[in-house]
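Each chain, letter by letter, is given below.
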Amino acid sequence: MNAILEPGMMVRHPDREDWGLGQVQSNIGGRITVNFEHAGKVVIDGRQIELVLIFGT
């Protein structure tokens, strides 16, 4: 699923609900930069963490 993530898409981290909703900033080589409501900008290793895509936001 992470391979389809593009800038502007909304996601959640499956293990960090407290981070809130996040907006994908970039997805390059499996490194996904996401700006989360309560955690700020975080770089996720897409090979280790499968982000949850949020529809209809």
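Further up the page is the structure itself.
Residues numbered from 1 in each chain as written. Predicted model: local features only at pLDDT ≥ 70, side-chain atom pairs only at ≥ 80, totals over all residues. Heavy atoms only, no water.

Caption draft 1: Representation of the overall build of the chain. If you tally the helices and strands in the chain, you get 0 helices and 5 strands. Counting helices and strands in the order they occur from the N terminus, the chain gives β-β-β-β-β. Relative to the 2.2 N^0.38 estimate, which gives 10 Å for 57 residues, the radius of gyration of the chain is 10 Å and therefore close to what a compact globule would have. Taken over the C-alpha atoms alone, the chain extends approximately 25 × 20 × 15 Å along its principal axes. For the chain, the share of sequence-separated contacts (at least 6 apart) that also reach a separation of at least 24 residues comes to 35%. Surface accessibility of the chain: about 3700 Å² in total, with carbon and sulfur atoms responsible for 50%. Counting 5 positive and 7 negative side-chain charges, the chain places the centres of these two groups 7 Å from one another. (Helix = DSSP H or I, 4+ residues; strand = E, 2+ residues; numbered from the N terminus. Rg over C-alpha atoms; globule rule 2.2 N^0.38 Å. Contact = heavy atoms within 4.5 Å. Areas by Shrake-Rupley, 256 points an atom, 1.4 Å probe, with all protein chains shown as cover. Lys, Arg positive; Asp, Glu negative; His and termini not counted. Charge placed at Lys NZ, Arg CZ, Asp CG, Glu CD.)

Caption draft 2: Highlighting the pattern of salt bridges. Tallied over the full model, the rule gives 3 salt bridges. The residue Glu17 makes a salt bridge to Arg12 at a minimum N-O spacing of 3.7 Å. Of the residues examined, Arg12 reaches a relative accessible area of 27% and is grouped as partly exposed. Ionic pairing is found between Arg16 and Asp18, a salt bridge with its closest N-O pair at 3.2 Å. (Salt bridge = Lys/Arg side-chain N within 4 Å of Asp/Glu carboxyl O. Buried < 20%, exposed > 50% of the residue type's maximum accessible area, 1.4 Å probe, protein only.)

Caption draft 3: Highlighting the pairing of strand S2 (residues 22-28). Here strand S1 (residues 10-12) runs beside S2; their pairing, made up of 2 bridges, is antiparallel. Paired with Met10 across the two strands is Gln23, which belongs to S2. Alignment of S2 against strand S3 (residues 31-36), held across 6 bridges, turns out to be antiparallel. What sits directly across from Gln23, in S3, is Asn35. (Pairing = 2+ DSSP bridges.)

Caption draft 4: How the structure looks around the nonpolar core. Membership of the largest hydrophobic core is limited to 11 residues, which are Leu5, Val11, Trp19, Val24, Ile32, Val34, Phe36, Val42, Ile44, Leu51 and Leu53. Only S3 and strand S4 (40-45) provide two or more residues apiece to this core. Excluding anything up to four places from it in sequence, Phe36 contacts Val11, Arg12, His13, Trp19, Gly20, Leu21, Gly22 and Val42. (Core = buried A, V, L, I, M, F, W, Y, C linked by side-chain atoms within 4.5 Å.)

Caption draft 5: Quick look at the side chain of Asn2. With respect to the helices, strands and loops of the structure, Asn2 is situated in the segment before S1. If we skip the residues at most four places from it in the chain, Asn2 touches Asn27, Ile32, Gly46, Ile49, Glu50 and Leu51.

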